[in-house]
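Tertiary structure, described
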Amino acid sequence: MNISLQNVDNVSAVLTVQIEKADYQENVEKALKTLRQRVNMPGFRKGMVPMGIIRKQYGSSVLVEEVDKLMQEKVNNYIRENKVNMLGMPLPKENDRVDFKTDENFEFSFDIALAPDFNIEFSNNDVIDYYDIDVTDEMVEQQIKMYTQRTAKYEKVEEYQDGDMLKGLLAELDENGVTKEGGIQVEHAVMMPDYMKNDDQKAIFTAAKVNSVLVFNPSVAFDSNEVELASLLKIKKEDVVNHKGNFSYQIEEITRTIPGELNQELFDQVLGKGKAQNEEEFRAQIKAVIKTQYEADSDYKFLIDVRNYAANKVGKLQFADDLMKRIMLENNKEKGEEFVSEHYDKSIEELSWHLIKEKLVTAYGIKVEQDDILNMAKEATRAQFAQYGMINVPDELLENYSKEMMKKRESVESLVNRAVEAKLSEILKEKVTLNHKAISSADFNKMFE
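Residues numbered from 1 in each chain as written. Predicted model: local features only at pLDDT ≥ 70, side-chain atom pairs only at ≥ 80, totals over all residues. Heavy atoms only, no water.

**Some words on the overall build of the chain**
Across its full length, the chain carries 14 helices and eleven strands. Relative to a compact globule of 449 residues, whose C-alpha radius of gyration would be 22 Å, the chain shows 35 Å and is clearly more extended. Its C-alpha atoms give the chain principal-axis dimensions of roughly 100 × 70 × 45 Å. The 449 residues of the chain split such that 38% are buried. Counting only contacts in the chain whose residues sit at least 6 apart along the sequence, the fraction spanning at least 24 positions is 72%. If you average the places of the 59 positive and of the 82 negative side-chain charges in the chain, the two averages end up 8 Å apart. (Helix = DSSP H or I, 4+ residues; strand = E, 2+ residues; numbered from the N terminus. Rg over C-alpha atoms; globule rule 2.2 N^0.38 Å. Buried < 20%, exposed > 50% of the residue type's maximum accessible area, 1.4 Å probe, protein only. Contact = heavy atoms within 4.5 Å. Lys, Arg positive; Asp, Glu negative; His and termini not counted. Charge placed at Lys NZ, Arg CZ, Asp CG, Glu CD.)

Have a look at this one:
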């Protein structure tokens, strides 16, 4: 057997495989003998079918299978041992023809797309923006409010104020302001006027008292939102359009939320026992937690900017476009050429960043170990809990969630990629000059709109 690689240009090559009868004959004979032991054929006992019949009936298919197995094994070994920087898969040359019925020696040729050669280095001469998101007292206050609402108490009161919840009898009125015969009536209808979209309608409930009867227009109050109205009126969404008039609402009950106290019990519950001894320390800790969460967002944006900066630094990479489109089509046969044409440029953009990132990972000796993956799983889990305000999550719970996450191959691949990018981000923040920019959370979020 002979395998050779001939470069066509800098980004493509032809791999030629020459296979002689001596390369495959032993494997074919062995496969035919194994097959003979399994074949059931009328007139012969199992395993006793004459070899000539086996060869005549199955010889061609076994030959094709064994040659293909041999070729794939040798091609893969050649590519690995010679460190061929190949993109995608080898594609058989489009006009090659092999006749397994008449030929004993075979030659196969494959088109191969090669990764473009380029250099990329970073130093302190490279200046890249890094956004420091401002953690305001208002953010801290909102977070603390969420915690105090969890330990809130609920009291029945006599007079409504903003934020209270109402329960009462809701009845549809006719054009004369009288309860509509056959109209909608909902007992114990629950409302929070704070959620109304119309300020004039919301004002109707100002200082309302238990047993008051108020007249308002739900359709106007909730800006004709079908989902909200259907829920309030207990009807189907498609029927909402038929009930755009006024309703009366007799208040039966007013419930007020009394936030929990900022005390040691709350501090321990949120942060862990003894982490904060007073309100000042508690607020400082909450601010630090929010800051840590925002640092992850800043690092994410930094890596996006690194990607753009690196793409400009390297310039447009050359690819064997026709061959790459063939590879993309081979991987998306069911979607067809239109899909390839529509998504090719974006695919090449992603591939370019992948190659740049690989080059940097190799240059900086970045390696991801099992512990790195597990720690990233824990951090991802911790971040998910933090979104719901759960900071003091037990390690055992984090461990269990992380192990479940790592049972899925897609999750592991994502975690590996995130671990690589996290390490790369930390190294590049030391390598380049960071142009720190203070920014509000709102303005930072706008950059992703």
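**Observations concerning the environment of Ile-439**
Its place among the elements puts Ile-439 in strand β11 (residues 433-439). Separated by 60 residues in the primary sequence, Ile-439 and Glu-379 place their C-alpha atoms 25 Å from one another. The residues touching Ile-439, leaving out its near neighbours within four places in the chain, are Tyr-131, Asp-132, Ile-133, Asp-134, Phe-444 and Met-447.

**What about the nonpolar core?**
Core analysis: the biggest nonpolar cluster contains 37 residues, and Leu-87, Phe-122, Val-306, Phe-319 and Met-324 have the highest contact counts within it. Where this core is concerned, the elements lending two or more residues are β3 (86-92), β5 (127-133), α8 (279-314), α9 (321-331), α10 (336-363) and α13 (409-431). Tallying contributions element by element places α10 first for this core, with ten residues. If sequence neighbours within four positions are ignored, Phe-319 has contacts with Val-11, Leu-87, Pro-116, Met-324, Tyr-344, Ile-348, Leu-351, Ser-352 and Leu-355. Within the second largest apolar cluster, 28 residues are counted, among which are Leu-63, Val-75, Ile-79 and Phe-106. (Core = buried A, V, L, I, M, F, W, Y, C linked by side-chain atoms within 4.5 Å.)

**Some details on the pairing of strand β4 (residues 106-114)**
β4 sits mainly inside the fold: eight of its nine residues count as buried. The pairing of strand β2 (residues 12-19) with β4 spans eight bridges and is classified as antiparallel. Within β4, the residue paired with Leu-15 across the bridge is Phe-110. Sheet topology note: the β3/β4 ladder contains four bridges and is antiparallel. Its bridge partner lying in β4, Pro-92 is registered against Phe-110. (Pairing = 2+ DSSP bridges.)

**Digging into helix α12 (residues 395-405)**
Buried residues of α12: Leu-398, Ser-402 and Met-405, and no others. Along the axis of α12, the buried positions cluster into a sector of 55°, meaning they face one direction only. Elements in contact with the buried residues of α12: α11 (370-387) and α13. (Arc of directions from axis to C-beta.)

**Points about the side chain of Ser-12**
As for its position among the elements, Ser-12 is in strand β2. For Ser-12, a relative accessible area of 9% puts it in the buried group. Looking at Ser-12, its side chain comes within polar contact range of the side chain of Asp-9, at 2.8 Å. Ser-12 has contacts with Asn-7, Ile-112, Leu-114, Ala-320 and Leu-323, leaving out every residue within four places of it along the chain. (Polar contact = N/O pair within 3.5 Å; in protein donor to acceptor, adjacent residues only side chain to side chain.)

**Here we look at the sheet that holds β3**
With antiparallel pairing, the four strands of this open sheet are ordered in space as β1-β2-β4-β3. With partners counted over all chains shown, the strands left at the sheet margins are β1 (2-9) and β3, one partner each. The average angle at which neighbouring strand axes cross in this sheet is 25°, direction not considered. Strands β1, β2, β3 and β4 of the sheet are contacted by helix α2 (residues 51-81), whose axis makes an angle of about 135° with β2. (Axes fitted to C-alpha atoms, helices over the stretch in contact; angles between N-to-C directions.)

**What about the packing of helix α3 (residues 137-150) against α8?**
Between α3 and α8, whose axes approach to 10 Å, the crossing angle comes to 110°. Relative to α8, α3 is oriented roughly perpendicular. Here α3 contributes Asp-137, Met-139, Val-140, Glu-141, Gln-143, Ile-144 and Tyr-147 to the contact with α8, which in turn contributes Phe-282, Arg-283, Ile-286, Lys-287, Ile-290 and Tyr-294. When its residues are assigned to classes, the contact of α3 with α8 shows eight nonpolar, one polar and four charged. (Parallel < 35°, antiparallel > 145°, perpendicular 65-115°, else oblique. Nonpolar A, V, L, I, M, F, W, Y, C, P; charged D, E, K, R; others polar.)

**Re the packing of aromatic side chains**
This structure, assessed with the given rule, holds 13 aromatic pairs. Plain terms: the ring middles of Phe-106 and Phe-108 are 6.4 Å apart, the flat faces sit at 35° to each other, and that makes the pair tilted. For the pair formed by Phe-106 and Phe-108, the shared burial category is buried. In this structure, Lys-325 packs its charged tip against the face of Tyr-344, placed 5.1 Å from the ring centre. (Phe/Tyr/Trp six-rings, centres within 6.5 Å; stacked < 30°, edge-to-face > 60°. Lys NZ or Arg CZ within 6 Å of the ring centre and 35° of its normal.)

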